[in-house]
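Topology and contacts: notes
Letter by letter, the chains look like this.
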Amino acid sequence: MDQIKWGIIGCGNVTEVKSGPAFDIVDNSELLAVMRRNANLAADYASRHGVPEWYSDADKLINDPDVNAIYIATPPDAHESLAFKAMAAGKPVYIEKPMGRNGAECDRINAESKRTGVPVFVAFYRRSLDYFLKVKELIDQKVIGEIRFVDICLQWQPYDEEVGENPKPRWRVDPEISGGGHFHDLASHQFDFLEFVLGPIKYASGIARNQAGFYAADDIVMANFEFESGVVGKGSWCYTINKEQREDKAQIIGSKGRITFSFFEKFDIIVETAEGTEVFNIPYPKHVQQQLIDSIVKELRGEGKCPSSGETGARANHIMDWITQKQ
């Protein structure tokens, strides 16, 4: 492929800044068409972002002869069926994370990719962000020595629409649509990155419960996990605390020190060793998916390799399935 001509299925909030504009910024890439079931919203997106074509039917976008790559940015319940349609049309697929509602869906997508020879990529963009590449560099350089264990803590208050007299929780906490709740949505990023820097996780277990009853999905998860390398880890995720307790903290502890960083909200990386403390401040770029999209375009042009494939993307789903005891 020479010029990568993208079509977006599901041009919702995630595509407004995080991803959508990047398709026109990356070299040898352009956004030609968008689709949303609500025709007015699809037309509005196309008008505001200068996209030549819009659709309210996913099949029409997939079969647009001018589009040669598909970005699936719908909720997870549609990922598998849309990926199969795109691959049937011979068009590479870039899928929003999590890749599916569960590991089985991801495995079927990957099997079809292997059968058809059509590549699949997943939007685990932390594999390409400078902030997280710095964490990987510090680990690879053994700045904190041999890695011993990992500790993740994510505590968030409920979203406004989840509480009150007339709550209207979003699709992310409807397991039929998302596969789980906020844990499924956010921990997928965390486990994908941990495997990127520390290698495969061979075992994971946990407890997943709904304590507050705001919605159907789990709202608290506790987990233990072990990497093939022998590094062990633990994590806690709670989405029903008060805002004063809000915390997003990850620690990687080694034989000579520790690295403290944030997965979602802060830009400092704190390195503590016997020599003292060093802080790296590395803000995210405006379009956080741009660097990953650039790597996809390069791979499709035969110029490089994207770090987030369908095979790596499926891993996070399997790990979360182990923890929540879904398989």
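Above this note sits the structure.
One structure accompanies this document, and this report is about it. Treat the numbers as computed from the prediction; the structure is a model and nothing was measured.

Rules used throughout
Residues numbered from 1 in each chain as written. Predicted model: local features only at pLDDT ≥ 70, side-chain atom pairs only at ≥ 80, totals over all residues. Heavy atoms only, no water. Helix = DSSP H or I, 4+ residues; strand = E, 2+ residues; numbered from the N terminus. Rg over C-alpha atoms; globule rule 2.2 N^0.38 Å. Buried < 20%, exposed > 50% of the residue type's maximum accessible area, 1.4 Å probe, protein only. Contact = heavy atoms within 4.5 Å. Areas by Shrake-Rupley, 256 points an atom, 1.4 Å probe, with all protein chains shown as cover. Lys, Arg positive; Asp, Glu negative; His and termini not counted. Charge placed at Lys NZ, Arg CZ, Asp CG, Glu CD. Pairing = 2+ DSSP bridges. Axes fitted to C-alpha atoms, helices over the stretch in contact; angles between N-to-C directions. Arc of directions from axis to C-beta. Polar contact = N/O pair within 3.5 Å; in protein donor to acceptor, adjacent residues only side chain to side chain.

Secondary structure summary: the chain contains 11 helices and 14 strands in total. Taking 2.2 N^0.38 as the reference for a compact globule, 327 residues should give roughly 20 Å; the C-alpha atoms of the chain span a radius of gyration of 20 Å, in line with that estimate. Each principal axis of the C-alpha distribution contributes one length, and for the chain these read about 60 × 50 × 35 Å. When the 327 residues of the chain are sorted by exposure, 52% land in the buried category. Contacts spanning at least 24 positions in sequence make up 66% of the contacts within the chain whose residues lie at least 6 apart. Within the structure as shown, the chain displays about 14400 Å² of accessible surface, and the carbon and sulfur contribution to it stands at 47%. In the chain, 37 positive and 48 negative side-chain charges are present, and the distance between their average locations comes to 2 Å.

In any sheet, the strands associate via hydrogen bonds between backbone groups, in a parallel or an antiparallel arrangement. Strand order across the open sheet formed by 6 strands is E3-E2-E1-E4-E5-E6, with parallel pairing between neighbours. Taken across any chain shown, the strands that pair with only one partner, and hence form the sheet edges, are strand E3 (53–55) and strand E6 (120–122). For this sheet, the mean angle separating the axes of adjacent strands, direction not counted, is 25 degrees. In this sheet, E3 lies alongside strand E2 (residues 29–35) in parallel orientation, the contact comprising 3 bridges. Bridge pairing in E3 places Met35 opposite Tyr55.

The next point concerns the sheet that holds strand E14 (residues 276–281). Overall, mixed pairing links the 8 strands, which are arranged E8-E9-E10-E7-E11-E12-E13-E14 in an open sheet. Each end of this open sheet is capped by a strand with a single partner; those strands are strand E8 (201–209) and E14. Across the sheet, the axes of successive neighbouring strands diverge by a mean angle of 10 degrees, strand direction being ignored. Relative to strand E11 (residues 247–254), strand E7 (residues 147–155) runs antiparallel, the two sharing 8 bridges. Paired with Ile147 across the strands is Gly254, a residue of E11. In this fold helix H9 (residues 182–198) packs onto E7, E8, strand E9 (220–227), strand E10 (232–238) and strand E12 (257–261), with an angle of close to 165 degrees to the strand it touches most, E7. Packing against the sheet, helix H11 (residues 310–324) makes contact with E8 and E9, and its axis sits at approximately 50 degrees to E8.

Turning to helix H3 (residues 39–49), its buried residues number three or more, namely Ala42, Tyr45 and Ala46. Buried residues in H3, looked at end-on, bunch into an arc of 95 degrees, giving them a common side. Turned more than 90 degrees from where H3 packs its buried face, Asn40 and Ser47 sit exposed. The distance from a side-chain oxygen at the start of H3 to the backbone nitrogen of Asn40 is 3.0 Å, and the residue carrying that oxygen is Asn38.

This next bit is on the environment of Tyr203. With respect to the helices and strands, Tyr203 occurs in strand E8. Assessed through its relative accessible area of 45%, Tyr203 is described here as partly exposed. A distance of 3.2 Å separates polar atoms of two side chains, one belonging to Tyr203 and the other to Ser205.

To continue, consider helix H7 (residues 130–140). Every buried residue belonging to H7 is among Tyr131, Phe132, Lys134, Val135, Leu138 and Ile139, and all of these are buried. Seen from one end, H7 has its buried residues packed into an arc of 150 degrees, which puts them on one side. Contacts from the buried residues of H7 go to E7, H9, E11, E12, strand E13 (268–273) and E14. Just downstream of H7, Lys142 is the residue with a positive phi angle, here 55 degrees.

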